[in-house]
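# Architecture at a glance
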Amino acid sequence: MEEQGRALDRVKIAEVIVDRARERALAAARFRRQGRELLWRAQITRCEELLNTALKLDPYNYSACFMLIGCLLQLEDFRGARNQAQSTIREICQGKGAVLQEPVLHLATDY
């Protein structure tokens, strides 16, 4: 019972971290529109760090998975985006025989 409580705590903490990452992604987009590339890069890199932390706490947080793929694509880390996309596809489809139709995953795996 105690272990289940800790798992729920990790999920909740991961959700808070994803919210912070979302804030960083929005700030990054604002900076990019303003042509402030150094600030954009700092914010999108922080977003990536937060999402990786969230996924360590809750590997099944698909919002974090998809956001991380987007961050990696923006940072032109195509190999990292492909690896994350493939990992996400395997996780979602594992044992379900499902076909995933998420376009960002197909784009990421093409690089």
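Residues numbered from 1 in each chain as written. Predicted model: local features only at pLDDT ≥ 70, side-chain atom pairs only at ≥ 80, totals over all residues. Heavy atoms only, no water.

### Concerning the overall build of the protein
- A tally of helices and strands in the protein yields five helices and zero strands.
- Listed by position from the N terminus, the elements making up the protein come as α-α-α-α-α.
- Relative to its full complement of 111 residues, the protein shows a buried share of 32%.
- Taking as baseline every contact in the protein between residues at least 6 positions apart, the subset at least 24 positions apart corresponds to 54%.
- If you sum the accessible surface of the protein, you get close to 7200 Å²; carbon and sulfur atoms cover 52% of it. (Helix = DSSP H or I, 4+ residues; strand = E, 2+ residues; numbered from the N terminus. Buried < 20%, exposed > 50% of the residue type's maximum accessible area, 1.4 Å probe, protein only. Contact = heavy atoms within 4.5 Å. Areas by Shrake-Rupley, 256 points an atom, 1.4 Å probe, with all protein chains shown as cover.)

### A closer look at the nonpolar core
- The biggest cluster of nonpolar side chains holds 25 residues, and the ones touching the most others in it are V18, A21, W40, I44, C47, L51 and M67.
- The set of elements that each furnish at least two residues to this core consists of α1 (2-33), α2 (37-57), α3 (62-74) and α4 (78-93).
- In terms of residue count, α3 provides more of this core than any other element does, eight residues in total.
- Setting aside anything within four residues of it in sequence, one finds I44 in contact with A28, C71, Q74 and L75. (Core = buried A, V, L, I, M, F, W, Y, C linked by side-chain atoms within 4.5 Å.)

### Structural notes on the pattern of salt bridges
- On inspection of all chains with the given rule, the structure shows three salt bridges.
- The closest approach of N and O atoms between D19 and R22, which form a salt bridge, is 2.9 Å. With D19 and R22 both in helix α1, this residue pair falls three residues apart, about one helical turn.
- Across the pair R46 and E49 runs a salt bridge, and its minimum N-O distance is 3.3 Å. Taken together, the residues R46 and E49, both in helix α2 and three residues apart, mark about one turn of the helix. (Salt bridge = Lys/Arg side-chain N within 4 Å of Asp/Glu carboxyl O.)

### Some words on the side chain of E48
- Counting through the fold element by element, E48 comes out in helix α2.
- As a buried residue without a salt bridge, E48 has its nearest oppositely charged side chain in R41, at a separation of 7.8 Å.
- The contacts of E48, once residues within four sequence positions are left out, are L68, C71, L72 and L75. (Lys, Arg positive; Asp, Glu negative; His and termini not counted.)

### A word on the packing of aromatic side chains
- In total, this model carries zero aromatic pairs according to the counting rule given.
- The ring centre of W40 lies 3.7 Å from the NZ or CZ of R32, which sits over that ring. (Phe/Tyr/Trp six-rings, centres within 6.5 Å; stacked < 30°, edge-to-face > 60°. Lys NZ or Arg CZ within 6 Å of the ring centre and 35° of its normal.)

### As for the confidence of the model for the protein
- The predicted model of the protein averages 87 in pLDDT, with 84% of residues at 70 or higher.
- Taken element by element, the protein is modelled with least confidence in helix α5 (residues 103-110), mean pLDDT 58, and with most confidence in α2, mean pLDDT 97. (pLDDT = per-residue confidence, 0-100.)

### Observations concerning α4
- Between its terminal C-alpha atoms α4 stretches 22 Å, which fits the 22 Å expected from 16 residues at 1.5 Å a residue.
- The complete set of buried residues in α4 reads G80, A81, Q84, A85, T88, I92 and C93. (Expected span 1.5 Å × (residues − 1).)

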